[in-house]
Amino acid sequence: IRYQVSKADVVRLKVFNTLGQEVATLVDREHTPGTYTVTWDARSVASGTYFYRLEAGNQVVSTKKAMLVK
């Protein structure tokens, strides 16, 4: 998953299933401005539709859908 940060802030990137349950936290730390890439190790979850949400500070910046096929 590739994402950009426009200003220094705490960034959280979480993955949710279709029921809205959190299944993974991929990032939860301070970032400086720039472009980042993170890999989701999804071995412990089933194939299906998931959503990942990027938060910077107290704002939700983006939510996107991902299809996991094993």
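Presented here is a report on the structure given in the accompanying data block. All of these numbers come straight from a predicted model, not from anything done at the bench.

Some thoughts on the overall build of the protein
- Broken down by element type, the protein carries 0 helices and 6 strands.
- Helices and strands appear in the protein in the N-to-C order β-β-β-β-β-β.
- Scaling as 2.2 N^0.38, a compact globule of 70 residues should have a C-alpha radius of gyration of about 11 Å, and the protein matches this with 12 Å.
- With respect to the three principal axes, the spread of C-alpha positions in the protein is 35 × 20 × 15 Å.
- In the protein, which comprises 70 residues, the share counted as buried stands at 31%.
- By sequence separation, contacts in the protein at least 24 residues apart represent 49% of the contacts at least 6 residues apart.
- Split by element, the accessible area of the protein, about 4,800 Å² in all, is 48% carbon and sulfur.
- Charge-centre separation for the protein: the mean point of 10 positive side chains lies 7 Å from the mean point of 6 negative side chains.

Examining the sheet that holds strand β6 (residues 59-68)
- In spatial order, the strands read β3-β2-β5-β6; together these 4 strands make up an open sheet with antiparallel pairing. If you trace the sheet from one side to the other, it starts and ends with β3 (22-31) and β6, each paired once. Put simply, the sheet's adjacent strands are angled 15° from each other on average, direction ignored.
- Relative to β3, strand β2 (residues 9-16) runs antiparallel, the two being bridged by 8 bridges. Bridging from a neighbouring strand, Arg 12 pairs with Asp 28 of β3.

Thoughts on the nonpolar core
- The biggest cluster of nonpolar side chains holds 16 residues, and the ones touching the most others in it are Tyr 3, Leu 13 and Trp 40.
- For this core, the secondary-structure elements that each account for two or more residues are β1 (2-5), β2, β3 and β5 (48-56).
- When sequence neighbours within four positions are dropped, the list of residues in contact with Leu 13 reads Ile 1, Tyr 3, Ala 24, Thr 25, Leu 26, Val 27, Val 38, Tyr 52, Arg 53 and Leu 54.

What counts, and at which threshold
Residues numbered from 1 in each chain as written. Predicted model: local features only at pLDDT ≥ 70, side-chain atom pairs only at ≥ 80, totals over all residues. Heavy atoms only, no water. Helix = DSSP H or I, 4+ residues; strand = E, 2+ residues; numbered from the N terminus. Rg over C-alpha atoms; globule rule 2.2 N^0.38 Å. Buried < 20%, exposed > 50% of the residue type's maximum accessible area, 1.4 Å probe, protein only. Contact = heavy atoms within 4.5 Å. Areas by Shrake-Rupley, 256 points an atom, 1.4 Å probe, with all protein chains shown as cover. Lys, Arg positive; Asp, Glu negative; His and termini not counted. Charge placed at Lys NZ, Arg CZ, Asp CG, Glu CD. Pairing = 2+ DSSP bridges. Axes fitted to C-alpha atoms, helices over the stretch in contact; angles between N-to-C directions. Core = buried A, V, L, I, M, F, W, Y, C linked by side-chain atoms within 4.5 Å.

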